[in-house]
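One-letter residues, chain by chain:
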Amino acid sequence: MSTGNGNIPEDVIETVLRHHDIVDTVGKYVHLTKQGKYMKGLCPFHSEKTPSFTVTPEKQIFHCYGCGKGGNAIKFIMEIEGYSFPEAVRMLAEDANIPVQWNAQMEHSPRNQRREDLLKAHDLTAMLYHYLLKNSDHGQPAMEYLRGRGFTDKLIDQFQIGYAPNRWDTLSQFLTKREFDLSEMEKGGLLSLRSDGSGYVDRFRDRIMFPIWDRNGKVIAFAGRIMNDGQPKYLNSPETMLFNKSRVLYNLNQAKSSIRKQNQIVLFEGYADVIQSWDAGVTNGIATMGTALTTEHLNQLKTQAEEIVICYDGDDAGQAAAMKAIPMFEQADFRVSVSILPDRMDPDEYIKTHGKERFRHQIIESAVAPTKFKLIYLKKSHILLEDGGKQRYVREATKLIAELQSPTEREVYLKDLATQFPIFDYETLKQECNEFRIALQKKKPVGDNNDNWWNNVMNEKRVTEPPNLLPAYHNAERTMLAMMLQDLDVTRYVEERLGYEFNVEDYAALAAYLYAYYAQGKEPDISRFIASLSDDRLEKIAISISMMEVPMDFNTQVLDDYIREIHKVPKQLEIKRKKEEMREAERAGDFLRAAQIASEIITLERDLK
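Now for a look at the structure at hand. (Residues numbered from 1 in each chain as written. Predicted model: local features only at pLDDT ≥ 70, side-chain atom pairs only at ≥ 80, totals over all residues. Heavy atoms only, no water.)

### Topic: the packing of helix α3 (residues 73–81) against helix α4 (residues 85–95)
Here is step 1 of the chain: At their nearest, the axes of α3 and α4 sit 9 Å apart, and the two run at 110° to each other. As the angle between them shows, α3 and α4 are arranged roughly perpendicular. Crossing hand, α3 versus α4: right-handed. Where α3 abuts α4, its residues A73, I74, I77 and M78 lie against F85, A88, V89, M91 and L92.
Here is step 2 of the chain: For the contact of α3 with α4, the class distribution of residues is nine nonpolar, no polar and no charged. (Axes fitted to C-alpha atoms, helices over the stretch in contact; angles between N-to-C directions. Helix = DSSP H or I, 4+ residues; strand = E, 2+ residues; numbered from the N terminus. Parallel < 35°, antiparallel > 145°, perpendicular 65-115°, else oblique. Left-handed = near helix turned anticlockwise from the far one by under 90°. Contact = heavy atoms within 4.5 Å. Nonpolar A, V, L, I, M, F, W, Y, C, P; charged D, E, K, R; others polar.)

### A closer look at the pattern of salt bridges
Here is step 1 of the chain: Summed over the entire model, instances satisfying the criterion amount to 33 salt bridges.
Here is step 2 of the chain: A salt bridge links D157 to K134; the shortest N-O distance between them is 2.8 Å. Taken together, the residues D157 in helix α7 (residues 153–158) and K134 in helix α5 (residues 110–135) connect sequence positions 23 residues apart.
Here is step 3 of the chain: Residues E574 and K578 are paired through a salt bridge, measuring 4.0 Å at the closest nitrogen-oxygen approach. Separated by four residues within a single helix, E574 and K578 lie in helix α25 (residues 556–587), roughly one turn from each other.
Here is step 4 of the chain: By relative accessible area, E574 is classed as partly exposed at 25%.
Here is step 5 of the chain: The exposure class assigned to K578 is buried, which follows from its relative accessible area of 12%. (Salt bridge = Lys/Arg side-chain N within 4 Å of Asp/Glu carboxyl O. Buried < 20%, exposed > 50% of the residue type's maximum accessible area, 1.4 Å probe, protein only.)

### A few points about the side chain of H130
Here is step 1 of the chain: Mapped onto the elements, H130 comes out in helix α5.
Here is step 2 of the chain: H130 gets classed as buried once you look at its relative accessible area, which sits at 15%.
Here is step 3 of the chain: With residues up to four places along the chain from it excluded, the contact list for H130 reads I156, D157, Q160, I161 and G162.

### As for the pairing of strand β10 (residues 219–226)
Here is step 1 of the chain: Burial runs high along β10: eight of the eight residues are buried.
Here is step 2 of the chain: With seven bridges connecting them, strand β9 (residues 207–213) and β10 associate as antiparallel partners. The residue of β10 that forms the bridge with W213 is V219.
Here is step 3 of the chain: Note: β10 against strand β11 (residues 234–236), three bridges, orientation antiparallel. Across the sheet, A223 pairs through a bridge with N236, a residue of β11. (Pairing = 2+ DSSP bridges.)

### Some thoughts on unusual backbone geometry
Excluding glycine, most residues fall at negative phi; most peptide bonds, likewise, are trans.
Here is step 1 of the chain: Look at N97: it is not a glycine, yet its phi comes out positive at around 55°.
Here is step 2 of the chain: Positionally, N97 belongs in the loop between α4 and α5.
Here is step 3 of the chain: What makes N97 exposed here is its relative accessible area of 71%.
Here is step 4 of the chain: Here D206, not a glycine, exhibits a phi torsion of approximately 55°, which is positive.
Here is step 5 of the chain: Here D206 falls in the partly exposed class, since its relative accessible area comes to 23%.

### With respect to the side chain of D202
Here is step 1 of the chain: Structurally, D202 can be placed in strand β8 (residues 200–202).
Here is step 2 of the chain: Buried within the structure, D202 lacks any salt-bridge partner; R205 is the closest side chain of opposite charge, at an N-O distance of 7.0 Å.
Here is step 3 of the chain: Reaching out from D202, the side chain makes a polar contact with the backbone nitrogen of L171 at a distance of 2.7 Å.
Here is step 4 of the chain: Sequence-distant contacts of D202, defined by excluding residues within four places in its chain, comprise R167, W168, D169, T170, L171, S172, L190 and L191. (Lys, Arg positive; Asp, Glu negative; His and termini not counted. Polar contact = N/O pair within 3.5 Å; in protein donor to acceptor, adjacent residues only side chain to side chain.)

### Describing the packing of aromatic side chains
Here is step 1 of the chain: Within the structure shown, the criterion is met by 19 aromatic pairs.
Here is step 2 of the chain: Their ring planes at 65° and their centres at 5.6 Å tell us that Y29 and F76 sit as a pair that is edge-to-face. Pair noted here: Y29 is in the loop between α2 (22–27) and β1 (33–35) and F76 is in helix α3, with a separation of 47 residues, a long-range link. The same class applies to Y29 as to F76, namely buried.
Here is step 3 of the chain: The ring of F204 carries R203 above its face, with NZ or CZ at 5.9 Å from the centroid. (Phe/Tyr/Trp six-rings, centres within 6.5 Å; stacked < 30°, edge-to-face > 60°. Lys NZ or Arg CZ within 6 Å of the ring centre and 35° of its normal.)

### As for the pairing of strand β14 (residues 307–311)
Both faces of the sheet carry side chains from a regular strand, because those side chains alternate between them.
Here is step 1 of the chain: Most of β14 is tucked away: four of the five residues are buried.
Here is step 2 of the chain: Across five bridges, strand β12 (residues 264–268) lies against β14 in parallel orientation. Opposite L267, over in β14, you have I310 as the bridge partner.
Here is step 3 of the chain: With four bridges joining them, β14 and strand β15 (residues 335–338) adopt parallel strand pairing.

### As for the sheet that holds β10
Here is step 1 of the chain: Pairing within the open sheet is antiparallel, and its four strands lie in the order β6-β9-β10-β11. Looking along the sheet, the strands with just one partner apiece sit at the ends: β6 (162–164) and β11. Strand-to-strand twist of the sheet, defined as the mean angle between neighbouring strand axes without regard to direction, takes the value 35°.
Here is step 2 of the chain: Across three bridges, β6 lies against β9 in antiparallel orientation. Residue pairing across strands places A164 opposite R207, the latter belonging to β9.

Nothing here speaks to function; it is all geometry.
What follows is the structure, encoded as structure tokens:
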């Protein structure tokens, strides 16, 4: 039997959900901590400082109280990766080594086919560029350039580095021969449209080519580096259905096992830094795609390790970028340290100048705490040969130290400051530091999310939830559906006595789906029930209802009370309508008709009691 979800057989969907525990699936993207029977974390779908994102292992679902997103493991992969339902099922099936044998419509859906074609084209392109670098006359200058910069043959193979020749049609001809749709290849970022619109040319020409992989090791884009002084130095693939630079982290596919073993990530600025550091024994290194750090990057990194070493270039731009990155990592609860590269060097240059071992010990292992780095960075903006410069630096440094929570840390830094500048007394610095702390406390808001006060889950002053303004029947229908999601007997009892007579249309639809679900002989399973729904709105409502705390025992008296409340609504609406009719009759002077309606109203009101 198949569902409406791309004609994928139901048993495949159920097998995929059985093999993928929701905590493990979500845990690859979100750092989760246990809170009672729930797991909590920062929502990967919207920006927040306190966790409102909840995973319920017992029900195998996720739900965010902040943005409302929720569902099972399949839905999570759809949302986080931007996949269609069939694409998410296929990915999870392949991940669990479940044979994908269905020959359904989804195999040939236009979007899925385009994605498959693009992945195949990127893989072949990476192989072509790598071959041309190593085996063609065109590639010889590029090979000499790479070797001159310290890239060994082993590294070139490991990172599948290639070369795009200085021609307009090398790749376009290659893809044409393999019968790829060139317009799709242009949308996928491999080719460019000719300026006169008459055809397609290679996007990358005369560049060293670095393939970019997704976290599963599939080539999804390229970065092409020019060998001379031209611009741009790096040309990246554009954003495509495969490639989103705000999410992708270079080398995560190769580094993730080492990252998990060491519980540490080393974040570099560029591809060459990652590759040369790998050769120096730093196999837990990754880089962003030439963009600033994003929330999506942080969410991915948080699932990999708890400690981060920022190893950006030693020049002003690199140090400024590190300063911006530090608070982002600290807010995400990473243990942060920062590498100090001397003489404005980048990691690649340092390794060439001082060697691999010294790089590991002096740069990576000797990374300093964020406060120490900030103090070093601050020093550069003051002229310390002048008394005025010293005073300004010491005052700003004291203000920085005042932000530290630990009294011990504050003492260490203040003593170090007094030692560096003997003209300032330690006790005086300590007093000034305390004054700064008092000023900081006064400025501090009560919550951390003042725009959405209800999202301050962990405030010291616990706020009350927004008042529940739903009418009694509305709550009765929601509560009863929550019980039905967990109990087959409750569902049978409600079906016999209420059927489809829910007053809220969406709740009636959910009840209908539940009756059909159980009629197929299935047991209560919220995750699998959600997979049977083909409506996003109903999915969200089902998730929201399933998160309610309801009594687990079958209590017919409680159910009868709910059903009675629900049955009242049509009569209440009829009374309201009759009262309006009566007023109209009175206004028209038809008092006999008004009296008859009044009698009908009395009968209806008696039935309600």
